[in-house]
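In case you want the letters, here they are:
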Amino acid sequence: MLAMEKGINCCFSASASNVYIYFITIAIALVVIRVSYVIYRSSKPLHTTSPQPLSTLIVLGSGGHTAEMLNLLSVLHTDSFTPRLYIAAATDNMSLQKARLFESSVIDKVFRMAALKYKLLRVSATLLYKTGVLENAQFMQIYRSREVGQSYLTSIGTTVMAIAHALWLMIKIRPQVILCNGPGTCLPLCVIAFFFKVVGIRWSSTFYVESIARVRRLSLTGLLLYELHMADKFFVQWPQLQRKYPRAHYVGCLM
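The rules behind each value
Residues take numbers from 1 onward in each chain, read along the sequence in its written order. Under the rules for a predicted model, residues below a pLDDT of 70 receive no local features and side-chain atom pairs below 80 are neither given nor counted, while totals for whole chains, interfaces and linings still include all residues. Values shown for side chains rest on all heavy atoms present in the structure; no hydrogens or waters enter the calculation. UniProt positions are given in the numbering used here, feature names are shortened, and annotations may be inferred rather than shown by experiment. Segments assigned H or I by DSSP are reported as helices when at least four residues long, segments assigned E as strands when at least two residues long, and all are numbered from the N terminus. Here a Phe, Tyr or Trp ring, Trp counted by its six-membered ring, pairs with any other such ring whose centre lies within 6.5 Å, and the pair is stacked when the planes are under 30 degrees apart, edge-to-face when over 60, and tilted otherwise. Remark: exposure states derive from per-residue accessible area (1.4 Å probe, protein chains only) relative to the maximum for the residue type, with buried under 20%, exposed over 50%, and partly exposed in between. Only lysine NZ and arginine CZ atoms are considered, and such an atom sits over a ring when it is within 6 Å of the ring centre and within 35 degrees of the ring normal. When DSSP finds two or more bridges between two strands, those strands count as paired.

Asks: Please give an account of the UniProt feature "transmembrane region" (unreviewed entry) in the protein that cites residues and values.
Replies: Here, the residues flagged by UniProt with the feature "transmembrane region" (unreviewed entry) are residues 20-40, 152-170 and 176-196. The span residues 20-40 carries 100% helix and 0% strand; its end-to-end C-alpha distance comes to 30 Å. The span residues 176-196 is 52% helical and 19% strand by assignment, and the distance between its end C-alpha atoms comes to 12 Å.

Printed below as a string of structure tokens:
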């Protein structure tokens, strides 16, 4: 009897293990299929028939990254990308100041055109600020994964904090478009945006423009986004980069 009971228990345990393995295999297969579909769809040309403007997250980086991004924004139809949500590292105050100046120039241009069209002689500065900056642009900061010169050991904690903060921001704003051009600040945001696509929370189209300073090889951020297929469209500014990374689109120098 004891031998029979042990045999039954062994058979039951084996069956239960097989069931677990079966469901785990199915779950993994579904995840792989979903990720493959997201990558496939992201690689296709974007088609939008919505006349509504697209909420746009713009990731700024210190130094030349911000200058390049604002130069890129200056040639876009800003009316099609509103509201604009600017994000920079918590230790980078200059980038957000430049973004505010850029938004002020956009508002000035809009109101000058309105003045010419409707012969408006005076526009309240308060109204101009409220209708322009507060409605069409927001400015936020995010924790940085690693500061320049920070040890890799201590950067583990700051990276976890940065990812958690990025997750909270992405849940809060859920942009339709993400524009970035290389700062490490954009990496956790792009990873979370890709995760949101996979689980069906939000489909954010990510556009990555590699910095003009990258002539022969991609930056670490660009390389990760390229190899992991996390950017819907990947642009480079030098033809030799496009030859080396064939899925990238060569757009010429934007500066």
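Asks: I'd love a proper account of the packing of aromatic side chains, names of residues and values included.
Replies: By the definition in use, this model includes five aromatic pairs. Relative to phenylalanine 139, the ring of tyrosine 86 has its centre 5.4 Å away and its plane inclined at 10°; by these criteria the two rings are stacked. Of the two residues, tyrosine 86 sits in strand β2 (residues 84-89) while phenylalanine 139 sits in strand β3 (residues 137-142), which places them 53 residues apart along the sequence. Looking at phenylalanine 139, the relative accessible area reads 19%, which means it is buried. Centre to centre, the rings of phenylalanine 195 and phenylalanine 196 are 6.3 Å apart; their planes meet at 50°, and the pair counts as tilted. Residue phenylalanine 195 is classed as partly exposed on the basis of its relative accessible area of 47%. In textbook terms, an aromatic cluster arises when at least three aromatic residues are bridged by ring pairs, as seen for Tyr208, Tyr226, Phe234 and Tyr245. If you follow lysine 197 out to its NZ or CZ, it ends over the ring of tryptophan 203, 5.0 Å from the centre.

Asks: Could you give an account of the sheet that holds β3, with specific residues and numbers?
Replies: In any sheet, the strands associate via hydrogen bonds between backbone groups, in a parallel or an antiparallel arrangement. Taking strand neighbours across the sheet as the criterion, the seven strands line up as β3-β2-β1-β4-β5-β6-β7 in an open arrangement whose pairing is parallel. Here the strands that pair on one side only, and so sit at the sheet edges, are β3 and β7 (249-250). Inspection of the sheet shows strand β1 (residues 56-59) paired to β2 by four bridges, in the parallel sense. By the bridge assignment, threonine 56 is partnered in β2 with arginine 84.

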